[in-house]
Amino acid sequence: MADEKAPTRNAFGEPWPDFNDGLTYTDIVPPTSTTAGFNGSGMDRVGSVLLYSRLPWKEPYAPYLLEVLYEDDDMVAINKPSGLQVLPGGLFQQRTVLTQLRWLAEKSSALRFSGIAAAQESHPVPVHRLGRGTSGILLCAKTKLARARLAAYFADGTAVVRENRISDVELGTTRRISKIYRALATGIIDEDEVVVKQAIGMMRYPGVANGLYVASSSGKPAFSKVRVLERDVQGNCTLVQVVSSIYHMRSVSLVEIQSGRPHQIRIHLSFLGHPLLGDPLYGIDGQPKVAESGCGDDSFAPDGGYQRPTKPVPGDCGYHLHAHHLVLSHPTKNESNKEACYATPLQSPPSTCQYATTSSSMAKWCIIQAVHQVIEITAPLPTMLRAQNETE
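Just so we're clear, the structure is a prediction, and the values are computed from it rather than from any experiment. (Residues numbered from 1 in each chain as written. Predicted model: local features only at pLDDT ≥ 70, side-chain atom pairs only at ≥ 80, totals over all residues. Heavy atoms only, no water.)

## A short note on the overall build of the chain
So the rule is basically this: The way it works is that DSSP assigns letters per residue, a run of H or I at least four long becomes a helix, a run of E at least two long becomes a strand, and they are numbered from the N terminus. Residue burial is assigned from relative accessible area. The probe radius is 1.4 Å, only protein chains are included, and a residue is buried under 20% of its type maximum, exposed over 50%, and partly exposed in between. A contact between two residues is defined here by any heavy atoms of the two lying within 4.5 Å. Method for areas: the Shrake-Rupley scheme with a 1.4 Å probe, in which residue coverage is limited to the protein chains shown.
Check the secondary structure of the chain and you find 3 helices and 20 strands. Counting all 392 residues of the chain, 44% fall into the buried class. When contacts within the chain are restricted to residue pairs at least 6 apart in sequence, those whose partners lie at least 24 apart make up 68%. Element-wise, carbon and sulfur atoms account for 52% of the exposed surface of the chain, whose accessible area totals about 21,000 Å².

Here is the structure:
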């Protein structure tokens, strides 16, 4: 495996140790438990505390360097490389973005994080996820307030689609974040723009404990708008752009509305018959390439952990998907300026008025003018996802 690229001035990351710290967690025997105890001893009585331990193991390869694209006192945006998982799960309990953020915060106060002391706050926390094989912008919160507001930004789009309000221009819905993805799809997409309104649900699948997300008529509503940027007839692939949410404020026009279901872009392009180039999991119609479903191999590895799944799983890499551009309203640095105006009760309030209070002779309205700090962040495009007229 090739070594990591030399760190840039705005990059951080510590090489992974050969073995992780193992895995230890506790559980409590529930009242409904009918087990007979370990070796029939009857020791696992209701309310007993069970301690599970797995010996340290060598996790699969994962990159470790993270580039800082933007940072202030409330948040940091990093450029996540393909192959690095965001949060612990499955075989990757240590080799994650969250671990690198934690290690950075644990360093001495003399270490500076893009000019800000690492110990100033607890370590930044990702507020959304990117698939392990997906690269690009990952937004992390550094304060509890920023975390709550940024999480609400991402949740808004899914709520809009869930309520079947695909066009909210008339409703005046305000969204505070927009994220643009680049992707390389197989085959030639004839239309310049395609709208996909295909629900996404779950199915039983070997190696995925909670089920696999797939195109399903009984699933939750999902909306994607795909724009073709370039067609490569010789290579039989299409470079596309997908806007992941909407942005609607006075200074920025409305772009799109889209939900944020897990693996949505991969599933919707697959549903169109154009799965991502190199995607090991999704074939056509938004379904996995491996048709059979059911329980996976529950045998254990020599160190006590589960064996690696024998069939493709969502965390497998190989596809080309990149979170390229992000625009958002700053989560904490937006202000509202109030200005009072008066008129007789027979007059209508100005269009900018938000509410009105009345007295016997005069009506008083309060004009609220919101001052938004808009942040734009761009992650450099991988070579495979650049159009012919684009340079590094």
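## Thoughts on the packing of aromatic side chains
What describes a pair of aromatic rings is the distance from one ring centre to the other and the angle between the planes of the rings. Here is the rule we go by: For Phe, Tyr and Trp, where Trp contributes only its six-membered ring, two rings pair if their centres lie within 6.5 Å, and the inter-plane angle classes them as stacked under 30 degrees, edge-to-face over 60, or tilted in between. In this scheme, the term charge over a ring applies when either NZ of a lysine or CZ of an arginine sits within 6 Å of the ring centre and within 35 degrees of the ring normal.
Taken as a whole, this structure holds 1 aromatic pair when the rule is applied. Ring centres of Trp-16 and Trp-103 lie 5.5 Å apart, and the angle between their planes is 55°; this geometry places the pair in the tilted category. Residue Trp-16 is located in the loop between β1 (11-12) and β2 (23-28), and its partner Trp-103 is located in helix α1 (residues 97-106); the two are separated by 87 residues in the primary sequence. Look at Trp-103 and you get buried, because its relative accessible area is 18%. A cation over an aromatic ring shows up here: Arg-54 above the ring of Trp-57, its NZ or CZ 3.6 Å from the ring centre.

## Re the confidence of the model for the chain
Put simply, the rule reads: What pLDDT reports is the predictor's confidence in each residue, on a scale of 0 through 100.
When pLDDT is averaged along the chain, the result is 77, and 67% of the positions lie at 70 or above. Confidence drops under a pLDDT of 50 for residues 245-257, and excluding neighbours within four residues, the segment shows 51 contacts in the predicted structure. Every residue in residues 352-368 is under pLDDT 50, and counting partners more than four places away or in other chains gives 51 contacts.

## Brief notes about the pairing of strand β20 (residues 374-378)
Our working definition: When DSSP finds two or more bridges between a pair of strands, those strands are recorded as paired.
Burial of β20 is one-sided: the residues Ile-375 and Ile-377 facing one way are buried, the residues Val-374, Glu-376 and Thr-378 facing the other way are not. In this sheet, β20 lies alongside strand β16 (residues 321-329) in antiparallel orientation, the contact comprising 5 bridges. Across the sheet, the residue bridging to Ser-329 is Val-374, located in β20.

## What to know about the pairing of β2
Of all 6 residues that make up β2, 0 are buried, and the element is exposed over most of its length. As judged from the 6 bridges shared by β2 and strand β3 (residues 49-54), these two strands associate in the antiparallel manner. Residue pairing across strands places Ile-28 opposite Val-49, the latter belonging to β3.

## As for the pattern of salt bridges
Rules: In the sections that follow, a salt bridge refers to a side-chain nitrogen of Lys or Arg positioned within 4 Å of a carboxyl oxygen of Asp or Glu.
All chains considered together, the criterion is met by 7 salt bridges. In this structure, the salt-bridge partner of Arg-182 is Glu-390, at a minimum N-O distance of 2.7 Å. Of this pair, Arg-182 sits in strand β10 (residues 177-186) while Glu-390 sits in the segment after β20, and the two are 208 residues apart along the sequence. For Arg-182, a relative accessible area of 5% translates into the label buried. With its nearest N and O atoms 3.0 Å apart, the salt bridge here joins Glu-193 to Arg-227. One end of the pair, Glu-193, is in strand β11 (residues 193-196); the other, Arg-227, is in strand β14 (residues 224-232), with 34 residues separating them in the sequence. With relative accessibility at 24%, the residue Arg-227 sits in the partly exposed group. Linked through salt bridges whose partners overlap, the residues forming this network are Glu-193, Lys-225 and Arg-227.

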